[in-house]
Amino acid sequence: IVENQGVEFGINYTHYFSDDVSLALNYNLTTINNEVIDVNNAAGFIPGGLFGLNQQPSRMQNGLPIGVFYGLKTDGVFQTQAEIDALAIDRDGDGSLDEYQPGAAPGDLKYVDVDGNGYIEFGSENDLTVLGDPIPDFTMGGGFNFKFYNFDFGASFYASLGNEIVRSYERFLTYSNKLSLYNGRWTGPGTSNEIPRASTNAANNQLFSSFYVEDGSFLRIQNVQLGYTLNSEQIKGIDFIRLYFSVNNLYTFTKYRGYDPDISNASAIGAGVDLGQYPQPRMFITGIKVSF
């Protein structure tokens, strides 16, 4: 059972300065608060989405938004072996120190001990937590059209704010290409506290974590169009001729480092998981409309 609550707001405004000059504006805003009320299974959640070959980064869980991202939370990158050793504790009371994060080495992602028992439990739910929400706090769109005698100009935009995206298109094969962000990877103490070291065997860095979750907010200029109309007074036998030039998907303002922040996914439990879909192209269009 899922509950949705929200508000929709829209406004349209048109003003005629004269018979030859006019302005039209439109704007809409939508908010949504989504919450899973009940999941009918013993675990209390249903996993979904895909990260890597077999990890599921999303879930439908009681009390949380549907498709919420759930995994390990990172706390930077281990800089030195001394930093790793300082976190070791005697967990079983045998007098010897046990690793805080099994298998960790300098340059590896440092995970947060969510349950507070003093070490990271890989393969357990105990240290997993909410990492993000694919559902935006706000979606909005709008545009305007301006007419000045024979000229007309229009533009439209769309925005999604407050949602996160899982960067799930990375390949972890040894000889696969990497994203440009890895140019800023850890190469020694103090070099990076965000991007882990390059390694072929640091498998724990490839576990789903907040390192792979990014702000998915964006503002996209969807269409811009300029036109010029010749009417019947200028050309005999023709009602009008309109010449126009337009650009679709002109520009997207976003901090997301993937191909396209406008992620589509048919599954609600898995929405916002970017599997590397082909980005929307920018199109330049010119044309002529004739009315006899």
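Conventions adopted
Residues numbered from 1 in each chain as written. Predicted model: local features only at pLDDT ≥ 70, side-chain atom pairs only at ≥ 80, totals over all residues. Heavy atoms only, no water. Pairing = 2+ DSSP bridges. Helix = DSSP H or I, 4+ residues; strand = E, 2+ residues; numbered from the N terminus. Axes fitted to C-alpha atoms, helices over the stretch in contact; angles between N-to-C directions. Buried < 20%, exposed > 50% of the residue type's maximum accessible area, 1.4 Å probe, protein only. Lys, Arg positive; Asp, Glu negative; His and termini not counted. Salt bridge = Lys/Arg side-chain N within 4 Å of Asp/Glu carboxyl O. Polar contact = N/O pair within 3.5 Å; in protein donor to acceptor, adjacent residues only side chain to side chain. Contact = heavy atoms within 4.5 Å. Phe/Tyr/Trp six-rings, centres within 6.5 Å; stacked < 30°, edge-to-face > 60°. Lys NZ or Arg CZ within 6 Å of the ring centre and 35° of its normal.

Student: Outline the sheet that holds strand β8 (residues 128-132), listing residues and values.
Tutor: Pairing is antiparallel across the open sheet formed by 4 strands, whose spatial order is β3-β4-β5-β8. Looking at strand neighbours, the two that pair on one side only are β3 (45-48) and β8, the edges of this open sheet. Averaged over all pairs of adjacent strands, the angle between strand axes in this sheet comes to 45 degrees, irrespective of strand direction. For strand β5 (residues 68-72) and β8, the ladder comprises 4 bridges, and the chain directions are antiparallel. Within the sheet, the bridge partner assigned to glycine 71 lies in β8 and is threonine 129.

Student: Break down the sheet that holds strand β10 (residues 151-161) for me, citing the residues and quoting the values.
Tutor: Strand order in the open sheet formed by 7 strands is β1-β2-β9-β10-β13-β14-β16, with antiparallel pairing between adjacent strands. The sheet is open, and its two borders are formed by β1 (2-16) and β16 (283-291), each paired with just one other strand. The mean angle between the axes of side-by-side strands here comes to 10 degrees, regardless of whether they run parallel or antiparallel. Judged from the 10 bridges that link them, β10 and strand β13 (residues 218-231) form a sheet pairing that is antiparallel. Counted as the bridge partner of glycine 154 is glutamine 225 from β13.

Student: Could you give an account of the side chain of aspartate 127, naming the residues involved and the relevant values?
Tutor: Along the polypeptide, aspartate 127 turns up in the loop between β7 (109-111) and β8. Here aspartate 127 occupies a buried position and makes no salt bridge, while the nearest side chain of opposite charge, arginine 91, is found at 9.4 Å. Here the side chain of aspartate 127 touches valine 114 through a polar contact of 3.0 Å, landing on its backbone nitrogen. Polar side-chain contacts of aspartate 127 include one of 2.9 Å to the backbone nitrogen of glutamate 121. If near-sequence neighbours (up to four positions away) are discounted, aspartate 127 is found in contact with Gly71, Leu72, Val112, Asp113, Val114, Asp115, Tyr119, Ile120 and Glu121.

Student: Account for unusual backbone geometry, with residues named and values stated.
Tutor: In this structure, tyrosine 149 is a non-glycine residue whose phi angle is positive, near 55 degrees. In this structure, tyrosine 149 sits in the loop between β9 (138-148) and β10. Non-glycine residue asparagine 249 carries a positive phi angle of around 55 degrees.

Student: Outline the packing of aromatic side chains, supporting the account with residue identities and numerical values.
Tutor: Enumeration according to the criterion identifies 14 aromatic pairs in this entry. Geometrically, the ring pair formed by phenylalanine 51 and phenylalanine 172 is tilted, given 6.0 Å between the ring centres and 55 degrees between the ring planes. Taken together, the residues span a long stretch of sequence, with phenylalanine 51 in the loop between β3 and β4 (58-61) and phenylalanine 172 in the loop between β11 (164-167) and β12 (213-215) at a distance of 121 residues. For phenylalanine 51, a relative accessible area of 1% corresponds to the buried category. In this structure phenylalanine 172 comes out as partly exposed when scored by relative accessible area, which is 26%. Clustering of aromatic rings is evident, with ring pairs tying together Phe51, Phe172, Tyr182, Phe208, Phe211 and Tyr212. Taking the ring centre of tyrosine 70 as reference, the NZ or CZ of arginine 59 above it sits at 3.9 Å.

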